[in-house]
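Below are the chains, spelled out letter by letter.
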Amino acid sequence: MEKMIYLDNSATTKPSEASLQKMQEALRICYGNPGSVHQAGMDAHKLLEEARRQIGASLGLRRAADGQILFCSCGTEANNQAMFGTVYAKNRPEKNGTRGKIMITEGEHPSIETAAAKLEGKGFTVHRIPTRGGALDLEDLEQATDESVILAAMMLVNNETGALYPIRAAADIIRRKSPGAHIHCDAVQGYMRVPFTPMSLGVDTLSVSAHKIYAPKGAGALYISQDTIRRKRIIPLLYGGGQEGRLRSGTENVPAIAAFGAAASEGMQEAKARAEKVRSLHDFLIPKLSGLVQINMPKFSADAIINITLPNIKSEVMLRALSAKGICVSAGSACSARAKKVSRPLLAFGLTEREADCSLRISLSCQNTEEELAIFCDALEQELHRLARMR
Ligand code: PLP
C-alpha cells in the first residue's frame, strides 16, 4: 500500500522524534523509581520534575503559586479526578432531595459526560448547556446557574466538531452566580492547538493529554490551582504510596511523562509555525470540501478539526472505503467509534440522527501536507460517486 495519509489527529498523534528520544532515555538510563532516594531514583525524579516544569510552562505557570501539575495516565483519568475528586471533597449532604447541581455542556467527551451521569445517579442534578451550531448557550447557562451549582465542567474545544467555547465568559457567569462552585475545563483537544492558560480561562482545574500533542500514550496531567489545593477542595481517587502530592498514588509512568514534557516543550517552541501550517491546511481543504459535502462549521472553531456530513452515505461505509485507500479519518470520537452510539455532540450541534450517522471528522496536524489533502479530496469524491451508484 502507498504511504498512509493520517487525518485522525484528534484521536491521537504520531509521536515526535524529540518525545521518543526522551522516552528512550527514561527507559534505558533513568529507569529508577522516582520515589527511591538512591541515585537511580533521583535520576528518574529529575526527569519527572523536568517534565512537570515543561508542562507547567506550556500552561503559563511561572510561579509555584499559580498552581500544580498532577501527572496521571491520560485525559480520561484527569477528567475523572477533577469530577469525582472535587464533588466528593465537598461532601455535601442531600438537601431538599438533591445534592447540588453540576453544569456540563451537551456535547462533552464521555470521560466527563459519563462521570456526570454517574453523579446524577447518586442524587446530583446535572444541567447540560446547549451547544447548537457549536455555540455555547451563555443565556441558558446564566439562567440555569444558581447557588446550588457545585461544579461546572466544560470543554475548551469539542473533539467532534472543533467548536471553541468561550470558557472565560462562562466561568465569569458561574463565579458571579455561585462563588463556591468549582470550575473544570477539559482542554484535551485545545491544548497546543489554541492559545490559553488556566488563569486566562479562569478555571480551577484543567486536563490535558500527552498523546494528542505528539507524545506517546500513557500520560495525562491535571492542572490544579493553588487555591483548590490550599482549601482542600479536591480529594484523591487512588490511595496508596502518596505520590503526586498525595493526590494520585501509584508509581509515575516516568518514560511517558518525560516524553510528554519533551513534546510540550517542543510544541511551545514551534507553536506559531504549527498554528500557521494547520491554518493554511484548513484554508486549503475547506473550499475543496464545500462542493462535495455539508461542512458542519461552528462559528468559532479550532482549525485542526473539520466535521462533514456525507450525502446519504453512512460514515462507517466511507471510513472503510477510505481506509482501504490508505486514508485514516474518523466517525465519532475514537472512544465511541466502536461503541456504535449516535454521537451526542453532533446531535447537540443540531444534526439529525441520520446526518450524525453520515458524518466524518477530519483532524489535521502540522505533519500533514496539501498534497495529502488533495489526494484525500480526490478519493472522497471518487467514493462518493461509487457509493452513490451502489445505492
Ligand atoms: N477529552 C477530550 C475532549 C478528548 O477528545 C479525549 C480523547 O479523545 C479525552 C478527553 C480523553 O483523553 P485520553 O484519550 O487521553 O483519555
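Calculation notes
Residues numbered from 1 in each chain as written. Predicted model: local features only at pLDDT ≥ 70, side-chain atom pairs only at ≥ 80, totals over all residues. Heavy atoms only, no water. Helix = DSSP H or I, 4+ residues; strand = E, 2+ residues; numbered from the N terminus. Expected span 1.5 Å × (residues − 1). Buried < 20%, exposed > 50% of the residue type's maximum accessible area, 1.4 Å probe, protein only. Arc of directions from axis to C-beta. Contact = heavy atoms within 4.5 Å. Domains from an automatic or database assignment. Buried area = accessible area lost by both parts, 1.4 Å probe. Salt bridge = Lys/Arg side-chain N within 4 Å of Asp/Glu carboxyl O. Pairing = 2+ DSSP bridges. Axes fitted to C-alpha atoms, helices over the stretch in contact; angles between N-to-C directions. Parallel < 35°, antiparallel > 145°, perpendicular 65-115°, else oblique. Left-handed = near helix turned anticlockwise from the far one by under 90°. Nonpolar A, V, L, I, M, F, W, Y, C, P; charged D, E, K, R; others polar. Near = heavy atom within 4 Å. Polar contact = N/O pair within 3.5 Å; in protein donor to acceptor, adjacent residues only side chain to side chain. Areas by Shrake-Rupley, 256 points an atom, 1.4 Å probe, with all protein chains shown as cover.

**Side note on helix 1 (residues 17-28)**
Working step 1: Here helix 1 is 12 residues long and its end C-alpha atoms lie 16 Å apart, about the 16 Å a rise of 1.5 Å per residue gives.
Working step 2: Those residues of helix 1 lying buried are Ser19, Lys22, Met23 and Ala26. Axial view of helix 1: buried residues confined to an arc of 100°, hence all on one face. Exposed residues on helix 1 whose side chains face more than 90 degrees from its buried face are Glu17, Gln21 and Arg28.

**Re helix 11 (residues 315-324)**
Working step 1: For helix 11, the set of buried residues is Ser315, Met318, Ala321 and Leu322. Along the axis of helix 11, the buried residues cluster in a sector spanning 130°; they form a single face. Exposed side chains of helix 11 directed beyond 90 degrees from the buried face belong to Arg320 and Ala324.
Working step 2: Summarising the contacts, the buried residues of helix 11 are in contact with strand 11 (327-328), helix 14 (353-357), strand 12 (359-363) and helix 15 (370-390).
Working step 3: Gly326, located one to two residues past helix 11, shows a positive phi value of around 85°.

**Let's talk about unusual backbone geometry**
Working step 1: In this model, Met192 sits at a positive phi of 70°, which is unusual for a non-glycine residue.
Working step 2: Phi at Arg246 takes a positive value of approximately 70°, unusual for a residue other than glycine.
Working step 3: Relative to the elements of secondary structure, Arg246 occurs in the loop between helix 8 (226-230) and helix 9 (254-269).

**Examining the domain arrangement of the protein chain**
Working step 1: With domains assigned, the protein chain is organised as domain 1 (5-13 + 271-390) and domain 2 (17-264).
Working step 2: Summarising the inter-unit geometry, the C-alpha centres of domain 1 and domain 2 are found 27 Å apart.
Working step 3: Contacts between the two partners involve 30 residues from domain 1, matched on the other side by 26 residues from domain 2.
Working step 4: Summed over both partners, the interface of domain 1 with domain 2 comes to about 2,400 Å²; 51% of that surface belongs to carbon and sulfur atoms.
Working step 5: Per-residue buried area on domain 1 facing domain 2 is highest for Thr13, Arg344 and Pro345; these three make up 22% of the total on that side.
Working step 6: Our enumeration of links across domain 1 and domain 2 arrives at 1 salt bridge.
Working step 7: Among the ionic pairs, Arg344 bridges to Glu113, the shortest N-O distance being 3.5 Å.

**Considering the pairing of strand 7 (residues 205-209)**
Working step 1: Burial analysis of strand 7 places 5 of its 5 residues in the buried class, which makes it a mostly covered element.
Working step 2: A two-sided burial pattern is seen for strand 7, the buried positions comprising Thr205, Ser207 and Ser209 on one face and Leu206 and Val208 on the other.
Working step 3: For strand 6 (residues 182-186) and strand 7, the ladder comprises 3 bridges, and the chain directions are parallel. Each residue of the ladder has a partner; that of Asp186, found in strand 7, is Ser207.
Working step 4: Bridge analysis of strand 7 against strand 8 (residues 220-224) gives 5 bridges, and the strand direction is antiparallel.

**As for the packing of helix 10 (residues 271-290) against helix 15**
Working step 1: Where helix 10 meets helix 15, the closest approach of the two axes is 10 Å, and the angle between their N-to-C directions is 20°. Considering their axes alone, helix 10 and helix 15 lie roughly parallel with respect to each other. Both helix 10 and helix 15 take part in a crossing whose hand is right-handed. Facing Leu281, Phe284, Leu285, Lys288 and Leu289 of helix 10, the residues of helix 15 in contact are Glu370, Leu373, Ala374, Phe376, Cys377 and Leu380.
Working step 2: Tallied by class, the residues present in the contact of helix 10 with helix 15 amount to 9 nonpolar, no polar and 2 charged.

**Section: the sheet that holds strand 5 (residues 149-155)**
The strands that make up a sheet pair up through hydrogen bonds in the backbone, lying either parallel or antiparallel.
Working step 1: One open sheet accounts for 7 strands, arranged 2-8-7-6-5-3-4; its pairing is mixed. The strands lining the two open edges of the sheet, one partner per strand, are strand 2 (68-72) and strand 4 (125-129). Looking at each pair of strands side by side, their axes are set apart by 20° on average, direction ignored.
Working step 2: Here strand 2 runs beside strand 8; their pairing, made up of 5 bridges, is antiparallel. Looking at the pairing, Phe71 lines up with Ala221 of strand 8.
Working step 3: Strands in contact with helix 2 (residues 39-58) are strand 2 and strand 8; relative to strand 2, the strand with the most contacts, it is inclined by about 120°.

**A short note on the site of the ligand**
Working step 1: Close to the ligand lie 14 residues, the nearest being Thr76, Asp186, Gln189, Ser209 and Lys212.
Working step 2: In the environment of the ligand, an oxygen atom lies 2.6 Å from a nitrogen or oxygen atom belonging to the side chain of Thr76.
Working step 3: For the ligand, an oxygen atom lies 2.9 Å from a polar atom in the side chain of His211.
Working step 4: Relative to its free-state accessible area of 390 Å², the ligand is covered by the protein chains to the extent of 94%.
Working step 5: Sorting elements by how many residues they give to the shell around the ligand places helix 3 (residues 75-90) first, with 3 residues.
Working step 6: Looking at the shell around the ligand residue by residue, the class counts come to 3 nonpolar, 9 polar and 2 charged.

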